[in-house]
Amino acid sequence: MTVIAMGKLGWWLLVSCLVSSSLQYVDNYLHEPGKCLTTGKCGSNVPCVVNGTDAIAPSSEHIDLLYRVCPMFASSDKVCCNMDQLNDFKNMLSIVDAIIGNCEACVWNFKVSQCSWMCHQNQSTFVQVTDTFPQVDPDTNVTTGKVTLSQMRYFITKNMASRLFNSCKMVHDSLTGGLGISYICGKGNCNEKEFFVKLGDNDYTDVKMDIIIADQVNTSYIEPVADKEIFDCTDVVNGKTCSCNDCEVKECITVLPSEIIVWYFTLPIGLTLSIILILCTTYFTYKHKSRPETQSDNVVMGTMAKVKGFDNNAADILASPRPSRLVTDKESNGHLNGITPTPTTETPFVGAATPSTPTAAPLHSGVEEEKERYGGNSASPRDSLPSPEANGGDLDSLALIKTKDTWYSCWLTYGPLAGEAWSNFVYNHWCLTLAMCIGLIGLFLGGWYNFRITTDPVELWTAEGSLSRQQKEDFDSLFPSTYRVVQMVIKESVPSRYAYEDFSTSGVFKPLILKEVFQMTMEIENIRGINKSYEDLCYKPLGEFNKTHPLSDCATLSVFQWIGNSMEMLDHPDQYLDRFLLCADAALLPLCLAKFRGPATNNLVLGGYGENSRNYLKSNALIMTFPMDGSSEKLEEIMEWEINVKDYIVKKKEEKPHLIIAFSSDRALEDEIDRASKADIFTIVLSYLLMFVYVGVTLGDYDNTVKGCVFNSKMSLGVVGVLIVMVSVLAALGFTSYFGLPTSLIVIEVIPFLILAVGVDNVYVIVKGVQSCIDDKLERSEPVERQHIRGILATTMKAVFPSMILSSITQMVAFALGSFSFMPSVKNFAYNATIALLLNFLLQNTLFLIFLRLDLYRHLGKRLDIVCCAKVDQIRRVGRGPIRRMIEDFWHPFVFKSKWIISTIVNIFGVAAIAHMLLIPELDLGLDAVSALPKDSYLRRYYDIVFEDYRVGPSVKFVFKSKNTEYFDIFDEKIYGQLISNPTSLLKTMVKYGEDDSSKDFIKGTGSSFMKSFNDTWLETDGCCWHDSSNNFCSSIDDRSNCVMCDKTNMDFETKYRYLQWFLSDIPRTDGKGCSAGGAVSASNTVIFKRDSGGKVLGVTAAYFSSSHGPLTGSSDFIKARQQAIHLADEVNKNNPDLKVYAYSSFYPYYEQYDTIVQELGINVTLCMVATFFVTLALLGFRLYGALCVLLNVILCTVDMLGCMMYLNIPLNAVSLVNILMSVGIAVEFSANMVQAFTVSSYKTRITRAKDALIRTGPPIISGIAMTNFVGVIVLAFAKSQLFVVFYFRMFFSINCICLLHTIVFLPAFLGFLG
């Protein structure tokens, strides 16, 4: 037994030794310098084995080919490779170039690594042949005597390996932007070891190469090949550099200058200006001594009135409220409010009839009533003002006017007289006036037959001849849009992690979730439109080739395309996760291509994997995109399909609360904005109604009885005044429609507020003027009867007409100058605002006076307002309203109590203006789509995900055309150089600017060029260009048994263009067996050929290269991205004289306005200011100081509004620009009345005149303009659309507050300070 056991042990020991000896490699090859081990071609991409053959001296043709393929060995005396090997390697390089060709250093290093073992004359010193087999003739099946290489070892140094890998590891492929080494490794996140293992064992050749990385080898005859001109990624190679997007560097080209932090400059400037202002006002206040009130620099209006026949009532038309009276109907004897005036010998009104019957004495005198009202003291707040007579008003003042200010004298005289004459004309010819007004309104409203609202952003925001608009029209005519997009995004409601074996992913990659999403995708594809299925409606890139090839797959994009839409693979997490990781970085691999033969790139199907991360399995969002056919004949079906999909997703949201399901489509934004507009109609109508009611209510005076309130109400007049405003707006829209001008929603939403703001004020002034005139008459115990109505109206118009015409003309001229704007929406607003203001002014001074006359008839007849059939018996009139009491009793005594208070007010407003002025450059530009959506819109979730998780932005096309001719030869060496090969070429410039991952709005990727794909890949790959005997193209998916390979030598003009057309129609294969470089999917619609009448190609009319922007998260990003793309195109144009290049993306025309919007703002506001100054100067009688005061207040209002936009988060765009122009008009309306009252005040010192102006104009300004707008604007805070909340509620509210504060607080103080 022992012998047997020992025998068995010995046997096993013998076997082990034999096996060990058989595994030991025995090298019988000659390893000496100048010797080759492999050369020639013994199969497809397989060399023959030779043992110690001398390297050969290359021929001239051989050297030319070396220069093209292995230039680092072109100058060698001897090489080990022949031309057959080099030609095979050249075909391989065409594929390699598509993968890593964006970095010249990487391509060079790759060539060095491969050319060294093929061509180096000392090849045998670093190569070992480890396996071979005899070559067999495929036709005779007989060995040829040659030995075919099957396996080898290739020794390289660690430094060479490391520099080669580092130069290539971040290089992106030119089409999808994925990492090039992922295609070589066959997986994502490839490391150096995996790279060299796969590089030596690839599918391109049957030779297995074991790449040994070592600096020294135990075998003495092997010495690893050292660095032969190996370059780092950032080195210049052949005059070319890699973009830093393809290298691990941070130093990238900055397309636009980096922003300067302005606070280092603005803060000291602001502090300095504020200190100077405070010091100057303090010094002036301290040194200022109040002059005696008997001194005056101006003429008293009362003196002029006496000399020129100007009634004192007109001078004091807006003075303090008059006494109230309580008289019975029996005592009234038919007079107004029961007042029986005493007889008077003075004619009460210009043009009024003298009372024909004597009247009884009044119940109370005016003085007694004043005493009664103010607690037995006759001193009302206005009594603190010295009387004009006490100030020395006398007849000599008129001589001063005539000698010093003739125009001022004429204006103060004839301006009021013009108002009086106009009032008398309307009164005497009211029927004619009414007929003319109705005819004018009817004529203007007739334009509504041609009325048109435009929502086209291009038509609204871009000038008709603007560059972006021309480029959009040019691009659309050359390359019409072919598809619409429907997109769904899936996330977890509660983010989680998923771990499987070596994989750690986000929760969306759990098998259960992926199956749910896959099922939803399939169900969406089964949804029908009206009568057609998704298959009938989807966009099919290869649909035009259906006549010859049965290829009709929809261009659906999702991660499921990477696994061939296989539900079964989702049962194997290790398989699908490994495939996802591979395809995320190598979407062009045949097994990763979608069914439509195109790539589903990582940034189109995954989201949320980090700004600069390539760990795609950390993605937290799955993106499904369903492109739909864009043809017009299918539009109705597609839009119905989109609605059905939305309904389906709404249902799924309820069924799957654990998922966040976001959805968008081409019609979604328009539908949601339309829904918001319809939902906000009620809000807008309610806003207008509240303004109507407010105006009607506040025009009258009110008693503590119901009948008294109704009697003193002016509701009917208020409704008339508001209706006049609305008719003016409608008529203006009709008038502009005559000329075919489209109307925007901005005009419809803003103009009524503007006209109400500036128009209702005139209604208040006229009505309150009439009431004051009547009270003045009653106070003087003069009769007030029906025959006096003409005189009452005439006297009122004498007083208010100058200020009305001043503010109205100023506003009209200011807005008319806005029509010079280049922006259509602003121009449209200016046209309509000017015409509406003009009509409003005309109708207020005609129609409104007619209705005011009727209301006075009603009032004198003691009939109730609205319910005219009822009368009152006993009415006690209410005196001052709350606004007037506030101004008279509190505000003006406080403001003018001390010169230091006045100085403080001026300083506060001055410092605020300085601070706001410095904030203006920091204003954001743009208008985000989200702001136009309802608060409950489902699109808000979608946009949140887009801004947060998307890693790609909109595509950008660089269109090139001939600069001087109709078409050009794209193969001309000069043109080709400008497009592809020159350092300043379009493609190289795109690569140069496809730079920094940390800058999201730079041009991303390296650009997709059909010419580069055609020349460097398709033509250079033997399996791509084939044709039959009739010279018809044979696609790689066709039967090529009767086809031959294209002759690519000495191609003439016609041949080149024939091959190019074949490339554009070549359908890529997805099985890895044929040509995968065809351009039918990626480039078929990128070239427009110029043909003669016979169809022969003459050249290229236009074409484009593609790239994309980075993820854009707001308007500022879109603006910068557009500017950078245009900057890139400008650089190309600068360096290439024969080409005209422009950048185009679908959003460019909408954002062109921001190139000039700051300039537009400056020009329009400046024109408005200039118009305000000169018109005010003229209508104030060339009183320079008065015009400057108006201008200053308007400037401060505008500056403060612009500054407030900064911290109210209101960006500058066309909507806010129109609102700013509106604020100028409102500020003029506020300021002009105050300064006009100050200018014509009958008091002499600036303090008393400022007090008088504040008391006269303050109440109408607050109640007539500010409160009217406040009532209407507050309702907009409850609008569903953020557009209304931000740009109408916030902005209108701020405009009213700012203008009101400046006019009621700052302007009186300033007039009292420097008047």
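Presented here is an overview of the structure given in this document. (Residues numbered from 1 in each chain as written. Predicted model: local features only at pLDDT ≥ 70, side-chain atom pairs only at ≥ 80, totals over all residues. Heavy atoms only, no water.)

**Focus on the overall build of the protein chain**
- Per the secondary structure count, the protein chain includes 43 helices and 20 strands.
- Within the span of the protein chain, comprising 1315 residues, buried residues form 56% of the whole.
- The contacts in the protein chain between residues at least 6 apart in sequence include a share of 75% that link residues at least 24 apart.
- By element, 58% of the accessible surface of the protein chain is carried by carbon and sulfur atoms, the whole surface being about 54500 Å². (Helix = DSSP H or I, 4+ residues; strand = E, 2+ residues; numbered from the N terminus. Buried < 20%, exposed > 50% of the residue type's maximum accessible area, 1.4 Å probe, protein only. Contact = heavy atoms within 4.5 Å. Areas by Shrake-Rupley, 256 points an atom, 1.4 Å probe, with all protein chains shown as cover.)

**Re the layout of surface pockets**
- Its volume calculated, the second largest pocket comes out at about 1500 Å³.
- What lines the second largest pocket is a set of 42 residues, and nearest its centre among them are Arg 68, Lys 90, Asn 1015, Asp 1016 and Glu 1020.
- Put simply, the parts of the chain that give the lining of the second largest pocket at least two residues each are helix H2 (60-69), helix H3 (83-100), helix H4 (104-119), helix H33 (973-981), helix H34 (986-993) and helix H35 (1010-1018).
- It is H3 that contributes the most residues to the lining of the second largest pocket, eight residues altogether.
- For the lining of the second largest pocket, a count of residues per class yields 15 nonpolar, nine polar and 18 charged. (1 Å grid on protein atoms, 1.4 Å probe; cavity = no way out; pocket = protein on both sides within 12 Å on 5 of 7 lines; lining within 4 Å. Points joined across faces, edges and corners; volume = space filled by probe spheres on them. Nonpolar A, V, L, I, M, F, W, Y, C, P; charged D, E, K, R; others polar.)

**A few points about the side chain of His 62**
- With respect to the helices and strands, His 62 occurs in helix H2.
- Accessibility expressed as a relative area gives 4% for His 62, which makes it buried.
- Setting aside residues up to four positions removed in sequence, His 62 forms contacts with Ile 56, Val 79, Cys 81, Asn 82, Met 83 and Leu 86.

**A short note on the state of the cysteines**
- Under the defined criterion, the tally for this structure stands at nine disulfides.
- Across the disulfide from Cys 106 sits Cys 168; the S-S distance is 1.9 Å. Judged by the torsion about the S-S bond (110°), the Cys 106/Cys 168 disulfide is right-handed. Of the two residues, Cys 106 sits in helix H4 while Cys 168 sits in helix H5 (residues 158-168), which places them 62 residues apart along the sequence. Judged on exposure class, the residue Cys 106 and its partner Cys 168 are both buried.
- Disulfide pairing is shown between Cys 1025 and Cys 1046; the S-S distance is 2.1 Å. Taking the sign of the torsion about the S-S bond as the criterion, the disulfide between Cys 1025 and Cys 1046, at about -85°, is left-handed. Taken together, the positions of Cys 1025 in the loop between H35 and strand E16 (1026-1027) and Cys 1046 in the loop between strand E17 (1044-1045) and helix H36 (1053-1065) put the pair 21 residues apart, joining distant regions of the chain. Across the pair, Cys 1046 and Cys 1025 agree in class, each one buried.
- The thiol of Cys 1297 is not disulfide-bonded; the next cysteine sulfur, from Cys 1204, is found 9.2 Å away. (Disulfide = S-S within 2.5 Å.)

**Looking at the nonpolar core**
- One finds Phe 829, Phe 960, Ile 970, Phe 1010 and Trp 1018 to be the most contacted residues of the largest nonpolar core, which totals 201 residues.
- For this core, the element with the most residues is helix H43 (residues 1282-1314), which contributes 20 residues.
- Non-local contacts of Phe 960, meaning those with residues more than four positions away in its chain, are made with Phe 968, Ile 970, Leu 979, Leu 986, Phe 1010, Ala 1102, Ala 1103, Tyr 1104, Phe 1105, Lys 1140 and Val 1141.
- With 137 residues, the next largest nonpolar core counts Val 46, Trp 641, Ile 660 and Val 1081 among its residues. (Core = buried A, V, L, I, M, F, W, Y, C linked by side-chain atoms within 4.5 Å.)

**Description of the packing of aromatic side chains**
- Scanning the model with the defined rule gives 50 aromatic pairs in all.
- Summarising the aromatic geometry, the rings of Phe 801 and Phe 841 are spaced 6.4 Å apart at their centres and angled 45° between planes, so their arrangement reads as tilted. Here Phe 801, found in helix H27 (residues 789-817), pairs with Phe 841, found in helix H28 (residues 824-844); they are 40 residues apart in sequence, far enough to count as distant. Residue Phe 801 shares its accessibility class with Phe 841, and that shared class is buried.
- Members of the aromatic cluster, each reached through a chain of ring pairs, are Phe 971, Phe 1014, Trp 1018, Phe 1033, Phe 1053, Tyr 1057, Tyr 1059, Trp 1062, Phe 1063 and Phe 1089.
- Taking NZ or CZ as reference, Arg 1249 lies 4.4 Å from the ring centre of Phe 1238, over its face. (Phe/Tyr/Trp six-rings, centres within 6.5 Å; stacked < 30°, edge-to-face > 60°. Lys NZ or Arg CZ within 6 Å of the ring centre and 35° of its normal.)

**Some points on the sheet that holds strand E10 (residues 606-607)**
- Spatial ordering of the open sheet is given by E10-E11-E7-E12, a layout of four strands whose pairing is antiparallel. Only two strands of the sheet have a single neighbouring strand rather than two, namely E10 and strand E12 (659-665).
- Relative to strand E11 (residues 621-629), strand E7 (residues 483-492) is paired through eight bridges, and the arrangement is antiparallel. Looking at E11, one finds that Ile 490 is bridged to Leu 622. (Pairing = 2+ DSSP bridges.)

**Things to note about the environment of Asn 166**
- Along the chain, Asn 166 falls in helix H5.
- In sequence terms Asn 166 and Asn 191 are 25 residues apart; their C-alpha atoms lie 10.0 Å from each other.

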